[in-house]
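Here are the chains, one letter per residue:
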Number of protein chains: 2
Amino acid sequence: MRVEASAASERPVPARPNLAAVAALAGVSASTASLAFSGAGPVSEPTRAKVFAAAEALNYAGPDPRAQSLRRGRSGIIGVVIDDRLRDAFRDPANISMLDGLADELGGAGLAMLLLTDTGEGAAGISLAPMDAVVLVGCSTELHSSVKIFRQRGIPVIAIEAEHMPDVFPIDLDNRDATALGARHLKQLGHENVAVVSLPLESSHARGPLTREREAASGSFTARQRILGARDVYPNLVGVASAGSFIEEGLIAGRALLAATPRPTAIIAQSDLLAVGVIRAAAELGIAVPADLSVLGFDGVSVEGVAPLELTTLVQPSVEKGRAAGRAAIALLDGGEPDPIAFVCVLRMGNSTGPVNS
Amino acid sequence: MRVEASAASERPVPARPNLAAVAALAGVSASTASLAFSGAGPVSEPTRAKVFAAAEALNYAGPDPRAQSLRRGRSGIIGVVIDDRLRDAFRDPANISMLDGLADELGGAGLAMLLLTDTGEGAAGISLAPMDAVVLVGCSTELHSSVKIFRQRGIPVIAIEAEHMPDVFPIDLDNRDATALGARHLKQLGHENVAVVSLPLESSHARGPLTREREAASGSFTARQRILGARDVYPNLVGVASAGSFIEEGLIAGRALLAATPRPTAIIAQSDLLAVGVIRAAAELGIAVPADLSVLGFDGVSVEGVAPLELTTLVQPSVEKGRAAGRAAIALLDGGEPDPIAFVCVLRMGNSTGPVNS
DNA sequence: CTGTTAGCGCGTTCAC
DNA sequence: GTGAACGCGCTAACAG
């Protein structure tokens, strides 16, 4: 009441009180009030109490984050760029685990995650949203243009499973070697006629047979590396690209591959969800797994719906990958220069693979 | 080069050029440069070209979002508060669909989603992060304190499936009526001994039998409403609370409920994932579904792993719920007063429910 | 311990 | 069409 009367007969109800108003009511200077809120400087107890009382009276909720962020040069926000539609990204448990690890690490440091896509209309956010650092996930060909923008904006970039680029901090996974390891496992079991179901190769998510041209042009580093790993063991490998890491897509791809003559005796799926779909396709066709068909997965997430089968798969440390990205972001913001990180997959033996039977 | 020589012999390489620097190089005033970037005002073509050339030369990426946001009073960020750990929230397809709809609508309006949790260390974001509006999802008891903070900060609040509160825009779902509808379906089939598996009742996510005390104290509006709906038809309903909407939890709950004597002939699960778990539990125990046990789900998401069974379930418009929340946020930001929205579930008949058999 | 001063980088009045 | 001045709300320096 006093404030209204003395300070502003023009605007009777200040909708959003600011620090200055609180300071004025408390009878202290703005900087003192600021210190009282941030707790950063030495403020006497009575003063601090006065400030809080004034804030209460004015219904002041604390310093405006926008102004803080301008002044401090930090927003407390870490961008997370997904190239897929969110729906797709969220459907794969491996991705979710990664985000979970990331969120965990960032949350602990008082940072929040801003979800962005680098395609579609939401892509504007990449150049407009306030961010202190950014984590690129499941990166596509758009990567380079995005990275250029971030570099211009002076925003540190962390990329998970991407081609190495200058000024981009890499979180790597041994996609190629791991897949080769899995392929060798199949080779040891005697398999010679092997096919692959890949993750989407282009941002168009087009299904269809793998060709050297498509692979070379692919924007998906992960998919490409995993194909290369399989080729390290089976140079003449054939396969199809899926439209996404879903069970349904594995089913579609599996039907296509199992219709070939001669039928492959083993299928390398680039994710566990795809592997499950392939197993479903086999079931549909009356093909026994692992007796007549071996199926290898990737990710090591627990997937429902293949019991009593246990997927033989390449287990990747998804959660740790996310945590590492979070820690890297925090370190880069502190001006540190963390060492690049590379994770390694482990082949977990289940019973979806077995000796070739013929 | 020229700039360095003339403007700053002290700092040879200005790390982050600002609008003023660009304007200076272009030989125009800062306000003109600003207009050139925003495209909002009349700027002659030559001038505009000069400005962009200068920006290019200085490697200027455009106006600083932080400063824009302070000046404009908008950050372009919509907060999304999840009370669970992200991992839990992401594991339920119904939730993901909702987020997808939300992201879609917001992305189209150039807004980005900031993910926040209202528990744990990340909760600081609630009072610190810059946001223009906020969507509360799967809200817990913490709701009220959060809402108070947002109100103080002058941030519009949208709450999905929450108790109505002043100044909170509701997106409702007929959880109670829908569950009652499903329960009546069971009643018509002759079931009298019915049990329920609920979503977590408290933020502790404690498993255990439902009691009137627990229900009354529950922070989960959705779980409570669905229980009430079941009670509308079966007043003496018993049940257990799960620790989350996962198949595994349904399995645990199913085992517990199916060990009772007399064994229930029907189980109402508060999500499809829980329902699948219950069906698994039945399978373990050699109980046939639907012959010896009817199982009712909720959500209508496509769940893997019960084929050839088709879940009888209450289908909710998850994606639309998210879209509605997004549209409401946008409308509220525009100063509009959109009408509250309420969605209705539909009972989809599958073959996981059938006539009581005894 | 507290107050004063000076911006952070930008967008928006107004004049011209 | 363009420029000059001011202020968004806050905080880092210093001064007292």
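The preceding data block contains the structure.
Keep in mind that this is a model prediction, so the values were computed, not measured.

Enquirer: An account of the environment of G190 of chain B is requested, with residue identities and associated values reported.
Expert: Relative to the helices and strands, G190 of chain B resides in the loop between α10 (175–188) and β6 (194–198). Through-space distance from the C-alpha of G190 of chain B to that of N357 of chain B is 8.7 Å; in sequence the pair is 167 residues apart.

Enquirer: Before we move on, can you summarise the pairing of strand β6 (residues 194–198) of chain A with the specific residues and values?
Expert: Residues and elements named next belong to chain A. β6 sits mainly inside the fold: five of its five residues count as buried. Residues V194, V196 and S198 point to one face of β6 and A195 and V197 to the other, with burial holding for every one of them. Sheet topology places β6 next to strand β9 (residues 266–269); four bridges connect them, and they run parallel. Within β9, the position partnered with A195 by the bridge is I267. Across four bridges, the pairing between β6 and strand β8 (residues 238–241) is parallel. Directly across from V196, in β8, lies its bridge partner G239.

Enquirer: Break down the packing of aromatic side chains for me, with residues and values.
Expert: Centre distance and the angle of the planes are the two values used to describe a pair of aromatic rings. The full count for this structure, using the stated rule, is five aromatic pairs over all chains. The interplanar angle of 70° and the centroid separation of 5.4 Å between the aromatic rings of F37 of chain A and Y60 of chain A together place this pair among those described as edge-to-face. A residue pair is termed long-range when its members are at least 10 positions apart, and F37 of chain A in helix α3 (residues 30–38) and Y60 of chain A in the loop between α4 (45–58) and α5 (65–72) qualify at 23 residues. Since its relative accessible area comes to 9%, Y60 of chain A is described here as buried. Taking the centre distance of 4.6 Å and the plane angle of 25° together, the rings of F90 of chain A and F90 of chain B count as stacked. On the criterion of chain membership, the pair formed by F90 of chain A in helix α6 (residues 86–91) and F90 of chain B in helix α6 (residues 86–91) is interchain, its members lying in two chains. A single burial state applies to F90 of chain A and to F90 of chain B, both of which are buried. What links up through ring pairs into an aromatic cluster is the set F37, F52 and Y60 of chain A. For the cation-ring pair, R226 of chain A lies above F298 of chain A, with the distance from its terminal atom to the ring centre recorded as 3.6 Å.

Enquirer: So what's going on with the nonpolar core? Residues and values would help.
Expert: Counting residues in each nonpolar core, the largest one holds 160 residues, and the members touching the most others are M113, I171 and L293 of chain A together with M113, I171 and L293 of chain B. Look past the residues within four positions of L293 of chain B in its chain and what remains in contact with it is L258, P264, T265, A266, I267, V278, A282, I287, A288 and S352 of chain B. Counting residues in each nonpolar core, the second largest holds 38 residues, with I77, V81 and L136 of chain A together with A162 of chain B among its members.

Enquirer: Please provide a residue-by-residue account of the packing of α10 of chain B against helix α12 (residues 221–233) of chain B, values included.
Expert: All names here are of chain B. For the pair α10 and α12, the least separation of the axes is 7 Å and the interaxial angle reads 35°. Here α10 and α12 pass one another in a crossing that is right-handed. Residues N175, R176, T179, A180, A183, R184 and K187 of α10 form the contact with α12, whose own contacting residues are T222, Q225, R226, L228, G229, A230, D232 and V233. Grouping the constituent residues of the contact of α10 with α12 by class yields five nonpolar, five polar and five charged.

Enquirer: How would you sum up the protein's contact with DNA strand C? Please name residues and give values.
Expert: In the region of DNA strand C, 22 residues are neighbours, and T47 and R71 of chain A together with L19, S31 and Y60 of chain B sit closest. Protein-proximal atoms of DNA strand C, defined as those within 4 Å of the protein, fall in sugar or phosphate at a share of 65%. Between DNA strand C and D64 of chain B there is a distance of 3.1 Å, counted from a phosphate oxygen to a backbone nitrogen or oxygen. In the model, a base nitrogen of DNA strand C is placed 3.3 Å from a nitrogen or oxygen of the R71 of chain B side chain. At the level of elements, α3 and α5 of chain A together with α3 (30–38) and α5 (65–72) of chain B are the ones that each hand at least two residues to the surface near DNA strand C. For the surface near DNA strand C, the residue count by class is eight nonpolar, 10 polar and four charged.

Enquirer: Any details on the protein's contact with DNA strand D? Residues and values, ideally.
Expert: Among the 22 residues in the neighbourhood of DNA strand D, the closest are listed as L19, S34, Y60 and R71 of chain A together with T47 of chain B. Counting only atoms of DNA strand D within 4 Å of the protein, the sugar-phosphate share comes to 72%. One of the side-chain nitrogen or oxygen atoms of R71 of chain B is found 2.7 Å away from a base nitrogen of DNA strand D. Where the surface near DNA strand D is concerned, the elements lending two or more residues are α3 and α5 of chain A together with α3 and α5 of chain B. At four residues, the largest contribution of residues to the surface near DNA strand D is made by α5 of chain A.

Enquirer: Pulling in residues and values, what's your account of the pattern of salt bridges?
Expert: Throughout the structure, instances matching the rule amount to 32 salt bridges over all chains. Between R207 of chain A and E249 of chain A there is a salt bridge whose closest N-O contact spans 2.6 Å. Here the residue R207 of chain A occupies a position in the loop between β6 and β7 (208–209), and E249 of chain A occupies one in helix α13 (residues 247–258), the gap between them amounting to 42 residues. Among the residues examined, R207 of chain A registers a relative accessible area of 48% and is labelled partly exposed. Judged by relative accessible area, E249 of chain A falls into the buried class, the value being 5%. Its salt-bridge partner being R323 of chain B, residue E105 of chain B comes within 3.2 Å of it at the nearest N-O pair. Here the residue E105 of chain B occupies a position in helix α7 (residues 93–108), and R323 of chain B occupies one in helix α15 (residues 318–333), the gap between them amounting to 218 residues. We classify E105 of chain B as buried; its relative accessible area is 18%.

Conventions and cut-offs
- Positions within a chain are numbered from 1, following the residues in the order the chain's sequence is written.
- Whichever chain is written first is A, and whichever ligand is written first is 1; the rest continue in order.
- With the structure being a predicted model, the display of local features is reserved for residues of pLDDT at least 70 and the display and counting of side-chain atom pairs for 80 or more, all residues being used for whole-chain, interface and lining totals.
- As a rule here, side-chain values cover all heavy atoms of the structure and leave hydrogens and water aside.
- By the criteria applied, helices consist of DSSP H or I runs no shorter than four residues and strands consist of E runs no shorter than two, each listed in order from the N terminus.
- Exposure categories follow from relative accessible area, calculated using a 1.4 Å probe and restricted to protein chains: below 20% of the type maximum is buried, above 50% is exposed, and the middle band is partly exposed.
- The rule for pairing is simple: two strands pair if DSSP sees at least two bridges between them.
- Here a pair means two rings of Phe, Tyr or Trp (six-membered ring of Trp) with centres within 6.5 Å. Their orientation is stacked below 30 degrees between planes, edge-to-face above 60, and tilted elsewhere.
- Look at NZ for Lys and CZ for Arg. If either is within 6 Å of the ring centre and within 35 degrees of the ring normal, a charge sits over the ring.
- Residues enter a nonpolar core if they are buried and are Ala, Val, Leu, Ile, Met, Phe, Trp, Tyr or Cys, with the set joined through side-chain atoms within 4.5 Å.
- The contact criterion used is simple: two residues touch if any of their non-hydrogen atoms lie within 4.5 Å.
- Orientation is described by axes fitted as lines to C-alpha atoms, over the contacting stretch for helices, and by angles from 0 to 180 degrees between their N-to-C directions.
- Each crossing is labelled by how the near helix is turned from the far one, with a counterclockwise turn of less than a right angle marking it left-handed and a clockwise turn marking it right-handed.
- Under the grouping applied here, Gly and all other residues not named as nonpolar or charged are polar, the nonpolar ones being Ala, Val, Leu, Ile, Met, Phe, Trp, Tyr, Cys and Pro and the charged ones Asp, Glu, Lys and Arg.
- Think of it this way: one heavy atom of a residue within 4 Å of a molecule or strand is enough to make that residue near it.
- The definition of a polar contact used here is a pair of N or O atoms within 3.5 Å, where within protein one atom must be able to donate a hydrogen and the other to accept one, and adjacent residues in sequence count solely through side-chain atom pairs.
- We count a salt bridge whenever a side-chain nitrogen from Lys or Arg sits within 4 Å of a carboxyl oxygen from Asp or Glu.

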